[in-house]
Amino acid sequence: MVANATHNRAGEIIVCHLGGLLYEIKVITHTKLSAPADRPELEINFGDSPIWDTIARTNIQDFPAQDLRRSEYLTTHLYAGPGDFQIMIDDQNRNGGVINVPNSIAQSFSVQTLLRISPLTGSNCSPRFLNSPIQDACLNQPWVHNPAAYDPDGDSLSFEVTACLGRFGLPIAGYTFPGPNYGIDPVTGTITWNAPSLAGEYNIAFVVHEWRLVNGVWRELGYVIRDMQITVVPCNNQPPVISAQNDTCVVAGTLLNFTVQASDPNSSQAVTLEALGQPFTLASSPASFIEPSPGNPVNGIFNWSTNCSHVRSQPYMLVFNATDNWQPVQLQAYETMMVKVVGPAPENPSATPVGNTIELQWDASVCSNVVSYRIYRRSGSYGFVPDHCELGVPAYTGYTLIGTNTGLDNTSYVDDGGLVIGNEYCYMVVAVFPDGAQSYASVEFCALLDRQVPVITKVSVGVTDVAAGVDTLAWSNAYDLDTVARPGPYRFNLYRGAGLTNASELIWTSPAHPFLAHPDTNLTVTGLDTETQANVYRVELIGRADQAVPDVIGSSSPASSVFISTEPDDEQLTISWNLNVPWTNSSFEVFRDIGGTWTAVGTSTTTSFVDTGLVNGQEYCYLVISTGAYSDASIVSPLLNWSQEVCGTPVDRTPPCAPAVVIDNDCERPLNTLSWNNPNESCADDTEGYRIYFTDSISGAFQLIATISGAENTTYEHVNGSSVAGCYQVTALDTMGNESAFVDAVCGDNCPEYSLPNIFTPNDDGTNDLFGPFPYRGVERIDLQVFNRWGKVVFSTTEPDIDWKGTYLDTNDPLPDGVYYYLCLVTFTRLAGEELVELKGYVHIQGSGVRGNVN
């Protein structure tokens, strides 16, 4: 490194992709102009090697009034391949006297930038800053700062505070943040400190993370750490105030214009108002801000003639900065505003029915950078009018994405996705930009398919029976059919099938009729199983019915009966139904047989209904009437269709609620005592017992260890040998055998204890004759070795009680009096698994009556 000097005040590292694996790297530092040290080059690590390199200075700006030199160092670096690279400078030293950096005069100045090269996220340039990192603050007054960070690629930024870095890029030991009321807004980057209480210089650092949405997942591209310096001086001043600015959206191609006002509570002060942000740096049609002359109050005018190149998924952040003219410190105020430039909606859309498809058309976007269009559809109009900044097509409208067209001029789409005659289909189109940004949605545009085939309007169960069931059918004719091209006479074929989808069995053919207005458009079908299955139908229209080879014009969409079932539970039945019909049902009315009369008991807009307040063991019978319509207003409505009849009997299948369990984990006894509430006192009335489940580890499977009878018995004691480590589940059982669910387990853990004495007297007097542990608990096993003074093993065991008589190994030969050393590996049983502890010490054998050594 070059010779030490005390001069570094602030800085950051900026990187940008040039092509391939080549990156431009710029280091910006702010140093004390008065310091004798100056750096024509810095040492830098590019993050791909432990070897440090140098980077030369390319630009200098001096600000004598602030004792400040701003230096730029620029180079390029070629990386070998993808990866994460921590680019870092480490320059000695920081300037002296920084209050929150211990011994700052001896601390290195280091900043880092993470460069992530990945084929998944593509090329990238890191965030950069438009506001200086050298700032002043007034003692005992709130200090506010915004670095005016922006990303040249339009990526999303987030902010967080971090410690200042020192030697080798490590956090400086003992570094402290300026105060308790110090922080950074994670979205706007506005830093607040309320308020400095000690005059002097402070250094702070913050991280700017960079995010990009890739295939629907937010991925971090890297980050930049900026280190900055604040000088706090005594002064009698209050900061200016800026009028609040609301976030907004603007359609590309229109002018965004508004006024920003700033004032100062001290009427004698003059305020300067400026604006910062990426819109002012754009190559194409940048924004402008007419800065007023200093005054109080002042009004600045923002203007931005937006164009299509400004459209992106992330908003632009504007930072308005008001500065007063107090001496010696000019206090500042900041106001941030997010502006999103959005693409205009596709214009002049149209939908034209062609056979059983609908052809869509719209004008190419006025924005030449549009890369695709998304086409959305729903049955029937929603009446969607987008709110301000409401882009794309929201899910709540009921529209679904049916297709994507790639290319600016690809402005037609054929919808052939299973359209049903009789329904109106509505569409909206959205333009998409290179980064995935969506335009406003087009207006809704709709079309009806021509009715060139029959439309079923009724499939209603008349009689419920397994063999003699009856369905009633009706349909509407193909009134848009070209009878010149497809002449008569006409007839209908009716097909049936079991279930909901496939109607393939021909069950009826109508007489031929010379005109399309055929009189036979309804039928009663008998001899069916309507009790155990639904029945599905399809009507086929035949032309030239008098010819040897008739003209099969087409079939209706299939339509089934409503098929219902019951699911029993405690004092209730859930009635559910399935059906497959081409129209839209708006409601289902549920009827119950009460005293021989079908009585409405409820209405549902879904496909189920719960009938409550019933008596367990008693049979109840139901039917459902559906109400629906096609979106074609010329088709008769409402469409009412009856289900079959079904009966069910309520049975208690609802378990009691789970008891709330408390554990008393007593390591001394050892004993675990469980206690819980009686569900009959809160959420049940038929609890009659409990089951206790246990596992001796967090990851273990629960095993049933006890069953308790009587809802009033709400305690249980348990011990697993000498261990109290384990988790428990207590479930409640009711009179029907229903068991409550497992909830959060309660757990206890061992309080492991194992220690050894330092003396024993193996003289057979009945007192202290054996070497062994003090009372212990939670021990799974041990591995003990005892050594003499020459390191020879004289005893070993794996038994936790040890019970050593002071003899040599496995013999009965007593060892001589003296000091012996031991190493004991103790394995404790813990809830999270085994825990290994190493004990080292010595033990004194005294009074064995033996003299001499064992070698």
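You'll find the structure just up there.
Bear in mind that the values here come from a model prediction, so they are computed numbers and not experimental data. (Residues numbered from 1 in each chain as written. Predicted model: local features only at pLDDT ≥ 70, side-chain atom pairs only at ≥ 80, totals over all residues. Heavy atoms only, no water.)

### Some details on the environment of Thr797
Part 1 of the argument: Tracing the sequence through the fold places Thr797 in strand β57 (residues 793-797).
Part 2 of the argument: A C-alpha to C-alpha distance of 28 Å links Thr797 and Leu671, two positions 126 residues apart in sequence.
Part 3 of the argument: When near neighbours in sequence (up to four residues on either side) are disregarded, Thr797 contacts Ile782, Asp783, Leu784 and Ile802.
Part 4 of the argument: Among the polar contacts made by the side chain of Thr797, one reaches the main-chain amide nitrogen of Glu799 at a distance of 3.1 Å. (Helix = DSSP H or I, 4+ residues; strand = E, 2+ residues; numbered from the N terminus. Contact = heavy atoms within 4.5 Å. Polar contact = N/O pair within 3.5 Å; in protein donor to acceptor, adjacent residues only side chain to side chain.)

### Comments concerning the layout of surface pockets
The method is simple in principle: a probe with the dimensions of a water molecule rolls over the atoms, and the space it marks as empty is what remains.
Part 1 of the argument: As a volume, the largest pocket reaches approximately 380 Å³.
Part 2 of the argument: Considering the residues around the largest pocket, the lining is formed by 16 residues, among which Arg212, Leu213, Ser313, Asp435 and Gly436 are closest to the centre.
Part 3 of the argument: The greatest single-element share of the lining of the largest pocket, amounting to three residues, is contributed by strand β15 (residues 200-214).
Part 4 of the argument: The class makeup of the residues in the lining of the largest pocket is four nonpolar, seven polar and five charged. (1 Å grid on protein atoms, 1.4 Å probe; cavity = no way out; pocket = protein on both sides within 12 Å on 5 of 7 lines; lining within 4 Å. Points joined across faces, edges and corners; volume = space filled by probe spheres on them. Nonpolar A, V, L, I, M, F, W, Y, C, P; charged D, E, K, R; others polar.)

### A look at the state of the cysteines
Part 1 of the argument: Under the counting rule described, the total for this entry stands at nine disulfides.
Part 2 of the argument: Disulfide pairing places Cys308 opposite Cys367 at an S-S distance of 2.0 Å. Residues Cys308 and Cys367 share a disulfide whose torsion about the S-S bond is about -70°; that sign makes it left-handed. Of this pair, Cys308 sits in the loop between β22 (298-305) and β23 (316-323) while Cys367 sits in the loop between β26 (357-361) and β27 (372-379), and the two are 59 residues apart along the sequence. Each member of the pair, Cys308 as well as Cys367, is classed as buried.
Part 3 of the argument: Here Cys727 pairs with Cys747 through a disulfide, and the sulfurs are 2.0 Å apart. Handedness of the Cys727-Cys747 disulfide follows from its S-S torsion of about 105°: it is right-handed. With a gap of 20 residues between them, Cys727 in strand β53 (residues 726-734) and Cys747 in strand β54 (residues 746-748) connect regions that are remote in the sequence.
Part 4 of the argument: Distance from the sulfur of Cys824, which forms no disulfide, to the nearest cysteine sulfur (Cys751) is 20 Å. (Disulfide = S-S within 2.5 Å. Buried < 20%, exposed > 50% of the residue type's maximum accessible area, 1.4 Å probe, protein only.)

### Thoughts on the sheet that holds strand β52 (residues 715-718)
Part 1 of the argument: If you trace the three strands from one edge of the open sheet to the other, you get β48-β49-β52, paired in antiparallel fashion. The open sheet has two edge strands with one neighbour each: β48 (661-666) and β52. Averaged over all pairs of adjacent strands, the angle between their axes in this sheet comes to 15°, without regard to strand direction.
Part 2 of the argument: Sheet topology note: the strand β49 (residues 671-676)/β52 ladder contains four bridges and is antiparallel. Residue pairing in the sheet places Thr673 in a bridge with Glu717 of β52. (Pairing = 2+ DSSP bridges. Axes fitted to C-alpha atoms, helices over the stretch in contact; angles between N-to-C directions.)

### Regarding the packing of aromatic side chains
Part 1 of the argument: Going through the model one piece at a time under the given rule, you end up with 29 aromatic pairs.
Part 2 of the argument: For the pair Trp577 and Phe588, a centre-to-centre distance of 5.3 Å together with 45° between the ring planes defines the contact as tilted. With a gap of eleven residues between them, Trp577 in strand β41 (residues 572-578) and Phe588 in strand β42 (residues 584-594) connect regions that are remote in the sequence. As far as the burial class goes, Trp577 and Phe588 line up, both buried.
Part 3 of the argument: An aromatic cluster is defined as three or more aromatic residues linked by ring pairs; in this entry it consists of Phe258, Phe280, Phe289, Phe302 and Phe320.
Part 4 of the argument: In this structure, Arg167 is placed above the aromatic ring of Phe168, and the distance from its NZ or CZ to the ring centre is 4.3 Å.
Part 5 of the argument: One Lys or Arg, Arg538, reaches over the ring of Tyr495 and ends 4.2 Å from the middle of that ring. (Phe/Tyr/Trp six-rings, centres within 6.5 Å; stacked < 30°, edge-to-face > 60°. Lys NZ or Arg CZ within 6 Å of the ring centre and 35° of its normal.)

### Observations regarding the sheet that holds strand β55 (residues 759-760)
Part 1 of the argument: One open sheet accounts for five strands, arranged β55-β59-β58-β56-β57; its pairing is mixed. Strands at the two margins of the open sheet, each flanked by one partner only, are β55 and β57.
Part 2 of the argument: Of the pairings in the sheet, the one linking strand β58 (residues 818-830) to strand β59 (residues 833-845) comprises 13 bridges and is antiparallel in character. Pairing of Phe828 across the sheet is with Glu835, part of β59.

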